[in-house]
Amino acid sequence: MNHRVATCERTTKETSITVTLNLDGQGKTEISTGIGFFDHMLDSFARHGLFDLKVQVSGDLNVDCHHTIEDTGIVLGLAIAKALGEKTGIKRYGSFLLPMDEVLALCAIDLSGRPYLKYDADFTVEKLGSFDTEMFREFFYAVSYSAAMNLHLKIMDGGNNHHMAEALFKAFGKALDMACMEEVRIKEAWSTKGSLA
């Protein structure tokens, strides 16, 4: 397969973001968003998906965490889409059921070119560090729509809120890695339409 690396940038009055993603990496990360817990989640996503990920964010954290988290999701989604290109010869679908102590999280992905998010995770605290837990949904929504992927996330069994969040990000990394894998038996986009755009 071609070298699947992409760099995407986005600058607004609220945030300035650069993301570099290597889909065929080793889980190496350099992440600085200004939100420690968010850095931890993005690191978990990349390490367990075996993606090399660099994220540099300057956001209006003096307001709150919303713009920084949502806009990072947008840029990460754009980087995923750019790195995948025309999506020829990939498996397209990926799913993972991930246990983390008492928590069980499900992620299923279709790199269909049709964005959709189904999210089912009930957190019982408002914040994890300086990360507002309501922003998990906003982050994954932004990723799914800018990457044009069908993304399902569900906490099957809940418990500790840190474990729940980390299980979602790790499951997302594992499922995305699976969906991006090469399928040696097919050389075109895996669709009856002939395209995954």
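For the structure itself, look to the data block above.
Below: a short report on this structure. A quick note: this is a predicted structure, and the numbers were derived from the prediction, not measured. (Residues numbered from 1 in each chain as written. Predicted model: local features only at pLDDT ≥ 70, side-chain atom pairs only at ≥ 80, totals over all residues. Heavy atoms only, no water.)

1. Topic: the sheet that holds strand S2 (residues 15–22)
Strand order in this open sheet of four strands is S1-S2-S4-S3, and the pairing throughout is mixed. Because the sheet does not close on itself, it has two edges, and the strands there are strand S1 (5–11) and strand S3 (29–32). For this sheet, the mean angle separating the axes of adjacent strands, direction not counted, is 5°. Of the strand pairs in this sheet, S2 and strand S4 (residues 52–59) are connected by eight bridges, and their pairing is antiparallel. From the neighbouring strand, Thr 15 faces S4, where its bridge partner is Gly 59. Relative to S3, helix H1 (residues 36–49) is tilted by about 160°, and along the sheet it contacts S3 and S4. (Pairing = 2+ DSSP bridges. Helix = DSSP H or I, 4+ residues; strand = E, 2+ residues; numbered from the N terminus. Axes fitted to C-alpha atoms, helices over the stretch in contact; angles between N-to-C directions. Contact = heavy atoms within 4.5 Å.)

2. Observations concerning empty space enclosed by the protein
With the rule as written, the count across this model stands at one cavity of 30 Å³ or more. A volume near 30 Å³ is recorded for the largest cavity. Contributing to the lining of the largest cavity are Ile 80, Ala 81, Leu 84, Lys 87, Leu 111, Ala 147, Ala 148 and Met 149. The residue inventory of the lining of the largest cavity, partitioned by class, reads seven nonpolar, no polar and one charged. (1 Å grid on protein atoms, 1.4 Å probe; cavity = no way out; pocket = protein on both sides within 12 Å on 5 of 7 lines; lining within 4 Å. Points joined across faces, edges and corners; volume = space filled by probe spheres on them. Nonpolar A, V, L, I, M, F, W, Y, C, P; charged D, E, K, R; others polar.)

3. Re the environment of Lys 170
Note on placement: Lys 170 falls in helix H4 (residues 161–180). For the pair Lys 170 and Met 100, spaced 70 residues apart in sequence, the C-alpha to C-alpha distance is 9.5 Å. The residues touching Lys 170, leaving out its near neighbours within four places in the chain, are Ser 44, His 48, Leu 98 and Met 100.

4. Some points on the sheet that holds strand S10 (residues 150–157)
Spatially, S5-S6-S10-S7 is the arrangement adopted by the four strands of the open sheet, whose pairing is mixed. Looking at the sheet topology across the chains shown, the edges are occupied by strand S5 (93–100) and strand S7 (116–120). Between one strand axis and the next, the sheet turns through 10° on average, direction left out of account. On the sheet, helix H3 (residues 135–147) packs against S7 and S10 and is oriented at approximately 160° with respect to S7. Against the sheet, H4 touches S5, strand S6 (103–110), S7 and S10, its axis set at about 150° to S5.

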